[in-house]
Amino acid sequence: MSWVEPLLIACAIVPALFFALVKGETGGRSRTGCLGWLLRLWTLWAGANVMAYPAGVLMYLGTAELDRHPEVWLVTAASPFAALAVAWWFRPVLPPLRRPYLVLRAVLLLAACVTAVLAAERSGLPVTSVSGTWAGASLAAALACVAAWRMADGLAPLPQLAWAAAVLGACVAVGVTTGVDGLAVLTGEPAGSGAALWAAFLLAVLQVAAVGLLGSAVRRLVRQLRTGTLSRAADRSGGLWPPRPGEVWYANVPFREDGNESKDRPVLVLRASAGHADVLKITSQDKTGMPSHLHLPLARWHRVLNKESWLELRVTPLAYANFHDVQGLCRPDVWRELGRRGLRSGGRTDTRPARPGSRRKTPGRR
C-alpha cells in the first residue's frame, strides 16, 4: 500500500474534525473567511474521493481487481468516518443538531455519493477509465447534500419550499428545452453521451437534492403547525424558529412584580412545548456569590452576550410571541451544569406563562 491512501483519508477527516471542534467550542456563529472555504472545498473533495470507494468495491466485487488493490478495503472502511466528519463540519451552529440527526446526515451523504457513482456508471459515464471521474460524480452528490443542508438550516420553511420548487421547475424546463433526461440517469438507462450525459447526471443530482429539500420543508411546516407557531414564524431569525433548547434568544420578558411591564433581555431556552418555552433569564446585574445565579464570564460568552452576565436559576415559562432574535448557543459546560442541577428535566417554575403584549421598559441594565 502506498502513502496516497492514508494521506487521502487524513485530508478527508482531520481538517473537518479539527474545525468542527473549534466551531463547537465558540458557543455562537463562526466565520472562516475565504481561506476557510477553500479548506472546506479541499476537504469535501478528499471526502468525496474516500466516499466513492464503496461504489468501486460493489462494481468490482468478485473480480481479481480487488485482489490487486487491497488498499481499497482500507479506504472503504474509512468512508463512514469521512462522511461523519464532513456532516459534523457542515452542521449548523444554530439550531443545534442532535447526534441521531448528525448520524442520519452522514448516512445519507455516504449513500448519496455511492449511489451517484453507481448511477453514473450504469448510465454510461466512464467512471473508471479516467482518473478521478468517479470522484467527480461523488463530489457532485456531496456538494448537492451540503447545499441542501445550508438551505434547510438557514431558510424558513416557506422560502425553503419555494427554492425546492424553483430548482425542480428549472430542471424540468432545462430537460424539456434541451432534451436532456435526468430521470434516465436515476433509472440506470442510457442518457446520451459526452456533455449531454454529464448534463443529465447533474440534472438528476439537482432533482434528488430538491426533492430532499422539499421533504425537509414539509416536515418543518408540520412541526410549526403542531406547535402553533406557523403564523409568527415567517420573519423570525431566518428560519431558526421556534426557539429550541440550548439556544440563547432576546425576548420581551414581563416583570414578576408587575406583569404589565416588561423588558428585552437575553434568555436561555431550557424546554419547548406546544404553547410556550421554559427559559432562564440572563441579567447583567452583579450577582456574584449568589447561589440563585450562575456566572457567565464575558471572556467565554463574548460571541453570544455583550456584557458580563449572570444566569438566574429559576425557570420562567414564556410565550413564543415574546421571542424575537436568536443570539447563539449555550456553552457545553454550562448546559451540563444545568443538567447536573436537574433544571433541564424540571425545576422551580413560575406558575403562569409570561403573556405577550406587555408594556416594555426602556432598555438599560438587564
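Further up the page is the structure itself.
The text that follows walks through the structure, step by step, so that each part is easy to find.

Cut-offs and rules
Within every chain, residues take consecutive numbers counted from 1 along the sequence as written. Residue-level local features of this predicted model are given only where pLDDT is at least 70; pairs of side-chain atoms are given and counted only at 80 or more, and the full residue set underlies all totals for whole chains, interfaces and linings. Side-chain numbers come from the whole structure's heavy atoms, not from hydrogens or water. Each helix corresponds to a stretch of at least 4 residues labelled H or I by DSSP, and each strand to a stretch of at least 2 residues labelled E; elements are numbered beginning at the N terminus. Summary of the burial criterion: residues with accessible area below 20% of their type's maximum are buried, those above 50% are exposed, and those between are partly exposed, where the area comes from a 1.4 Å probe applied to protein chains only. Between two residues, a contact is recorded if the distance between any of their heavy atoms is within 4.5 Å. For every accessible area listed, the method is Shrake-Rupley and the probe measures 1.4 Å; residues are considered covered only by the protein chains on display. Two strands pair under a simple rule: DSSP has to find at least two bridges between them. Working definition of a nonpolar core: buried Ala, Val, Leu, Ile, Met, Phe, Trp, Tyr and Cys residues. They are joined through side-chain atoms within 4.5 Å. The term polar contact refers here to a pair of N or O atoms within 3.5 Å; inside protein, the definition further demands a hydrogen-donor-capable atom paired with an acceptor-capable atom, and it admits residues adjacent in sequence only when both atoms are side-chain atoms. Under the pairing criterion, centres of Phe, Tyr and Trp rings, with the six-membered ring standing for Trp, must be within 6.5 Å; the plane angle then separates stacked pairs below 30 degrees from edge-to-face pairs above 60, leaving the rest tilted. The working definition used for a salt bridge is a side-chain nitrogen of Lys or Arg within 4 Å of a carboxyl oxygen of Asp or Glu. Here an axis means a line fitted to C-alpha atoms, over the contact stretch when the element is a helix, while the angle between two N-to-C directions is reported on a 0 to 180 degree scale. Working rule for angles: under 35 degrees goes down as roughly parallel, over 145 as roughly antiparallel, 65 to 115 as roughly perpendicular, anything else as oblique. Working rule for handedness: look at the near helix, and if it is turned counterclockwise from the far one by less than a right angle, call the crossing left-handed; if clockwise, right-handed. Under the scheme applied here, ten amino acids are nonpolar (Ala, Val, Leu, Ile, Met, Phe, Trp, Tyr, Cys and Pro), four are charged (Asp, Glu, Lys and Arg), and all others, including Gly, are polar. Every patch collects residues that have over 30% relative accessible area and no salt bridge, joining them within 9 Å if they carry like charges and within 5 Å if they are nonpolar side chains (Val, Leu, Ile, Met, Phe, Trp, Tyr). For a helix, the expected span equals 1.5 Å multiplied by the number of residues minus one. The directions considered for the arc are those from the helix axis to the C-beta atoms. His residues and chain termini do not enter the charge count, which takes Lys and Arg as positive and Asp and Glu as negative.

Digging into the overall build of the protein
Okay, step 1: In terms of helices and strands, the protein carries eleven helices and seven strands.
Okay, step 2: Every one of the 366 residues in the protein was classed for burial, and the buried ones make up 48%.
Okay, step 3: Sequence-distant contacts in the protein: of pairs separated by 6 or more residues, those separated by 24 or more amount to 71%.
Okay, step 4: Here the protein has roughly 18100 Å² of accessible surface; of this, 64% comes from carbon and sulfur atoms.

Points about the pairing of strand β5 (residues 309-319)
On a regular strand, each side chain points to the face opposite its neighbour's, so the side chains alternate between the two faces of the sheet.
Okay, step 1: In terms of residue burial, β5 counts as a mostly covered element, since ten of its eleven residues are buried.
Okay, step 2: Two strands pair when backbone bridges link them, and strand β3 (residues 276-283) and β5 are joined in this way by seven bridges, in the antiparallel orientation. From the neighbouring strand, His 276 faces β5, where its bridge partner is Ala 319.

Here's the deal with the nonpolar core
Okay, step 1: Of all hydrophobic cores here, the largest spans 56 residues; its most connected members are Val 50, Met 51, Phe 90, Leu 109, Trp 149 and Phe 201.
Okay, step 2: Ranked by residues supplied to this core, first place goes to helix α5 (residues 99-123) with eleven residues.
Okay, step 3: Those residues in contact with Phe 90 that sit more than four places away from it in its chain are Trp 37, Arg 40, Leu 44, Arg 105, Val 146, Trp 149 and Arg 150.
Okay, step 4: By size, the runner-up hydrophobic cluster in this structure holds 18 residues, among which are Leu 296, Leu 305, Cys 330 and Leu 338.

So, the environment of Gln 160
Okay, step 1: Structurally, Gln 160 is set in helix α7 (residues 157-178).
Okay, step 2: Relative accessible area serves as the criterion here: at 0%, Gln 160 is assigned to the buried category.
Okay, step 3: Separated by 60 residues in sequence, Gln 160 and Arg 220 place their C-alpha atoms 9.9 Å apart.
Okay, step 4: For Gln 160, the residues in contact, after removing those within four places along its chain, are Met 151, Ala 152, Leu 155, Leu 213, Ser 216, Ala 217 and Arg 220.
Okay, step 5: A polar atom in the side chain of Gln 160 sits 3.0 Å from the side chain of Ser 216.

Here we look at the packing of aromatic side chains
Okay, step 1: This model, assessed by the stated rule, comprises five aromatic pairs.
Okay, step 2: Taking 5.8 Å as the distance between ring centres and 90° as the angle between the ring planes, the aromatic pair formed by Trp 198 and Phe 201 counts as edge-to-face. Here the residue Trp 198 and the residue Phe 201 both occupy positions in helix α9 (residues 194-227), the gap between them amounting to three residues, near one helical turn.
Okay, step 3: We classify Phe 201 as buried; its relative accessible area is 2%.
Okay, step 4: The rings of Trp 249, Tyr 320 and Phe 323 are connected pair by pair, giving a single aromatic cluster.

Description of the pattern of salt bridges
Okay, step 1: Within this structure, the stated rule accounts for six salt bridges.
Okay, step 2: Here Asp 333 ties to Arg 300 by a salt bridge, and the two come within 3.1 Å at their closest N and O atoms. One end of the pair, Asp 333, is in helix α11 (residues 332-340); the other, Arg 300, is in helix α10 (residues 298-301), and 33 residues separate them in sequence.
Okay, step 3: In this structure, Arg 340 engages Glu 337 in a salt bridge whose closest nitrogen and oxygen atoms are separated by 2.6 Å. On the criterion of helical spacing, the pair formed by Arg 340 and Glu 337 is a turn pair, its members being three residues apart in helix α11.

Regarding the packing of helix α4 (residues 71-89) against α5
Okay, step 1: Viewed as axis vectors pointing N to C, α4 and α5 meet at an angle of 120°, and their least axial separation amounts to 8 Å. As summarised for this structure, α4 and α5 are arranged oblique, according to the angle between their axes. In terms of crossing hand, the pair formed by α4 and α5 is right-handed. Counted together, Ser 79, Pro 80, Ala 83, Leu 84, Val 86, Ala 87 and Trp 88 of α4 and Leu 102, Val 103, Arg 105, Ala 106, Leu 109 and Leu 110 of α5 form the full contact between these two elements.
Okay, step 2: Classifying every residue of the contact of α4 with α5 by side-chain character gives eleven nonpolar, one polar and one charged.

Here's the deal with a nonpolar patch on the surface
Okay, step 1: Together, Trp 3, Val 4 and Leu 7 make up an exposed nonpolar region whose accessible area comes to about 330 Å².
Okay, step 2: Relative to the elements of secondary structure, Leu 7 occurs in helix α1 (residues 4-26).

A few points about the pairing of β3
Okay, step 1: For β3, a buried count of seven out of eight residues is recorded, marking the element as mostly surrounded by other parts of the structure.
Okay, step 2: As judged from the five bridges shared by strand β2 (residues 261-272) and β3, these two strands associate in the antiparallel manner. Counted as the bridge partner of Arg 271 is Asp 278 from β3.
Okay, step 3: Remark: three residues form the turn of the hairpin made by β2 and β3, two consecutive strands paired antiparallel.

A closer look at α7
Okay, step 1: With 22 residues, α7 should cover 32 Å at 1.5 Å per step; its first-to-last C-alpha distance of 31 Å lies within 8% of that length.
Okay, step 2: When we look at burial in α7, the residues that qualify are Pro 157, Gln 160, Ala 164, Cys 171 and Gly 175. Along the long axis of α7, the arc covered by the buried residues comes to 70°, so they all point the same way. Exposed and facing more than 90 degrees away from the buried side of α7 are Val 176 and Thr 177.

Structural notes on the side chain of Arg 265
Okay, step 1: In this structure, Arg 265 sits in strand β2.
Okay, step 2: The charged side chain of Arg 265 is buried without a salt bridge, its nearest counter-charge being Glu 312 at 6.3 Å.
Okay, step 3: At 3.3 Å, the side chain of Arg 265 forms a polar contact with the backbone oxygen of Ile 282.

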